[in-house]
Amino acid sequence: SYIDILGRYSLVSYIWQMCVIASLGALRTRLAVDDSYIVDFFIAIIILLLSIQILNTVLKNSVRAKRYYSWLFG
């Protein structure tokens, strides 16, 4: 389940979510688009869930990636 994966990688999720939100804000400013923050919220959630699923898959399949992840966020 996505909730379990988000809980397992909560620090990475938090950091990545802040980067995605800041990037969406900068992109919206650069393009002079007045989108709703609700749209940004859903885009950030979708990107977050997809990227955490990819991270989970990579960590399950790679011993080296798991070692680096444990070293950084252990």
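Before reading on, note that the structure itself is shown above.
Conventions and cut-offs
Residues numbered from 1 in each chain as written. Predicted model: local features only at pLDDT ≥ 70, side-chain atom pairs only at ≥ 80, totals over all residues. Heavy atoms only, no water. Core = buried A, V, L, I, M, F, W, Y, C linked by side-chain atoms within 4.5 Å. Buried < 20%, exposed > 50% of the residue type's maximum accessible area, 1.4 Å probe, protein only. Helix = DSSP H or I, 4+ residues; strand = E, 2+ residues; numbered from the N terminus. Contact = heavy atoms within 4.5 Å. Polar contact = N/O pair within 3.5 Å; in protein donor to acceptor, adjacent residues only side chain to side chain. Phe/Tyr/Trp six-rings, centres within 6.5 Å; stacked < 30°, edge-to-face > 60°. Axes fitted to C-alpha atoms, helices over the stretch in contact; angles between N-to-C directions. Parallel < 35°, antiparallel > 145°, perpendicular 65-115°, else oblique. Left-handed = near helix turned anticlockwise from the far one by under 90°. Nonpolar A, V, L, I, M, F, W, Y, C, P; charged D, E, K, R; others polar.

*Asks:* Any chance you could explain the nonpolar core here in plain terms?
*Replies:* As a rule of thumb, soluble globular proteins bury nonpolar side chains together. Counting 7 residues, the largest nonpolar core is built from I5, Y9, V12, L48, I52, L59 and Y69. With 3 residues, the top contributor of residues to this core is helix α3 (residues 37-61). For I5, the contacting residues outside a window of four places in its chain are I52, Q53 and N56.

*Asks:* Explain helix α4 (residues 63-73) here, please?
*Replies:* Turn by turn, an α-helix covers 3.6 residues, leaving residues three or four places apart pointing in a common direction. Of all the 11 residues making up α4, 1 are buried; the element is thus mostly uncovered. For α4, the N-terminal cap is S62; the gap from its side-chain oxygen to the backbone nitrogen of A65 is 3.1 Å.

*Asks:* What is the right way to look at the packing of aromatic side chains in this model?
*Replies:* Each aromatic ring pair is characterised by the separation of its centres together with the angle its planes make. Taken as a whole and judged by the stated rule, the model has 3 aromatic pairs. On the basis of an interplanar angle of 40° and a centroid distance of 5.3 Å, the ring pair of Y69 and F73 is categorised as tilted. Here the residue Y69 and the residue F73 both occupy positions in helix α4, the gap between them amounting to 4 residues, near one helical turn. The class of Y69 is buried, set by a relative accessible area of 18%. One aromatic cluster in this structure is built from Y9, Y69 and F73.

*Asks:* Sorry if this is basic, but what is going on with the environment of K60 here?
*Replies:* When you line up the elements, K60 lands in helix α3. The sequence separation of K60 and I47 amounts to 13 residues, and the corresponding C-alpha distance is 20 Å.

*Asks:* Where do I start with the packing of helix α2 (residues 10-31) against α3 in this structure?
*Replies:* Any two packed helices are characterised by how steeply their axes cross, that is the angle between the axes, and by the distance between the axes. Orientation of α2 relative to α3, taken along the N-to-C sense of each, is 140°, at an axis distance of 9 Å. It follows from the interaxial angle that α2 and α3 lie oblique. Read as a crossing pair, α2 and α3 show a hand that is right-handed. From α2, V12, S13, W16, Q17, V20, I21, L24 and R28 reach across to α3, where they touch Y37, D40, I43, A44, I47, L48, S51, I52 and L55. Of the residues that constitute the contact of α2 with α3, the class distribution is 12 nonpolar, 3 polar and 2 charged.

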